[in-house]
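# Examining the three-dimensional arrangement
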Amino acid sequence: MKLLVLDGNSIVNRAFYGIKLLTTKDGRFTNAIVGFMNILLKLEAEEKPDEVAVAFDLKAPTFRHKMYSGYKAQRKGMPEELAAQLPVLKELLADLGYKMVTCEGYEADDLIGTLADGCDRRGDECVIVTGDKDDLQLVSDHVCVKLTVTRGGVSSSTRYTPQVVQETYGFEPRRIVDLKALMGDSSDNIPGVAGVGEKTAMDLLHRFGSLEALYRALDEGSDGLRPKLAEKLRNGRQQALLSYELATICRDVPISMDRHAMDRKEPDYEATAAVLRRLEFHSFLERMAQRAKIETGKHFGNTVYLFTPLYIANYCQNYCIYCG
């Protein structure tokens, strides 16, 4: 079994910023929906998963916000043009039969971590797609992360296995948490140790192996560090431990972990067609009608609609500069 898990918020953000704004005649924005669907369907074609899950954040505070009031405090709100597209995207995904996963009090990363851990325990394969490096801590023999990055307007993805993480960082995947604990994360407002940046944090982990081993050496007086750095680490110990907790992805969110729980349902073709009409994806609908009798035989009145990855991907690639 193979489970494909998408970090919904991460992917939809990248789709939104990677494609110029597109609107319908009545002013509905559609660029994030086009980009997201293209990414999803291309991934299905590449990975050929048995199950697909899309994890989304909720607006409610998470356990991390309760643990640390400053968590993500500096984050700006979602642009109105993107916020308006999210409900429509979720409606389309539901009509197409995809499983979306949410849970109040937890982030998408925690949902992804729980699903990945379930695959790991069963010996099933799991492919995580995200733009968030935090998820690299989940990499294992059964779990890989397709990390998407954008530089200079050009996007690319790297498939992280345990070997790739080791080659890239010089330590095993679970030590990604130790790295964040030391250096912090400005995007999530995780404090880390004041005065310790990425290079110093990497050097410390290469030398001591873990956050725990580093502080044990400091307690024993066997650290051999420069006095100023040792002082920073001692003064920032509580912040480091807090940051470790904040950066650790939860793997026991109360969601269904049963095999086949993320199976795709039979699409609701009528509802999907209605959404596509509202989005004015006319070319897509016309091409579906031309070959539907051959591909699916689904008839709706005088029109036949075809919903296949090939058609959706072909349609999206006409517009998608981010992922086409």
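It should be noted that the structure appears before, not after, this text.
These notes cover the structure that comes with them. What you see is a predicted model, and the numbers here were worked out from it, not measured in a lab.

Analysis parameters
Residues numbered from 1 in each chain as written. Predicted model: local features only at pLDDT ≥ 70, side-chain atom pairs only at ≥ 80, totals over all residues. Heavy atoms only, no water. Axes fitted to C-alpha atoms, helices over the stretch in contact; angles between N-to-C directions. Helix = DSSP H or I, 4+ residues; strand = E, 2+ residues; numbered from the N terminus. Parallel < 35°, antiparallel > 145°, perpendicular 65-115°, else oblique. Left-handed = near helix turned anticlockwise from the far one by under 90°. Contact = heavy atoms within 4.5 Å. Nonpolar A, V, L, I, M, F, W, Y, C, P; charged D, E, K, R; others polar. Phe/Tyr/Trp six-rings, centres within 6.5 Å; stacked < 30°, edge-to-face > 60°. Buried < 20%, exposed > 50% of the residue type's maximum accessible area, 1.4 Å probe, protein only. Lys NZ or Arg CZ within 6 Å of the ring centre and 35° of its normal. Salt bridge = Lys/Arg side-chain N within 4 Å of Asp/Glu carboxyl O. Pairing = 2+ DSSP bridges.

Where helix α8 (residues 176-183) contacts helix α12 (residues 237-247), the axes come no closer than 8 Å and their chain directions differ by 135°. One element, α8, and the other, α12, form an angle in the oblique class. Judged by the sense of rotation from one axis to the other, the crossing of α8 with α12 is right-handed. Contacts from V177, D178, K180 and A181 in α8 reach A240, S243, Y244 and A247 in α12. Here the residues of the contact of α8 with α12 sort into 5 nonpolar, 1 polar and 2 charged.

Bringing the packing of aromatic side chains into the picture now. All chains considered together, the criterion is met by 3 aromatic pairs. Ring geometry for Y169 against F171: centres 5.8 Å apart, planes inclined by 35°, an arrangement best described as tilted. By relative accessible area, which is 9% here, Y169 ends up buried. The ring of F56 carries the charged tip of K90 above its face, separated from the ring centre by 4.6 Å. Positioned above the aromatic ring of Y98 is the side chain of R264, whose terminal nitrogen or guanidinium carbon lies 4.3 Å from the ring centre.

Moving on, we get to unusual backbone geometry. Phi is positive for K48, which is not a glycine, with a value near 50°. With respect to the secondary-structure elements, K48 resides in the loop between α2 (31-47) and β2 (51-55). We note that N189 has phi near 60°; this positive angle belongs to a residue other than glycine. Positionally, N189 belongs in the loop between α8 and α9 (198-208).

What follows is about the pattern of salt bridges. Here the structure, examined in full by the defined rule, presents 23 salt bridges. When the shortest N-O distance is used, the salt bridge between R216 and E212 registers 3.9 Å. Taken as a pair, R216 and E212 lie in helix α10 (residues 211-220) at a separation of 4 residues, close to a single helical turn. Assessed through its relative accessible area of 61%, E212 is described here as exposed. Through salt bridges with shared partners, one network takes in K2, E46, E47, E125, K146 and R159.

This part covers the pairing of β2. The buried fraction of β2 is high, at 5 of 5 residues. Side chains of β2 alternate between two faces, with E51, A53 and A55 and V52 and V54 buried alike. Note that strand β1 (residues 2-7) and β2 share 5 bridges and pair parallel. Following the sheet pairing, L3 is matched in β2 by E51. Here 3 bridges tie β2 to strand β3 (residues 99-101), and the two strands are oriented parallel to one another. Bridge pairing in β3 links V54 to M100.

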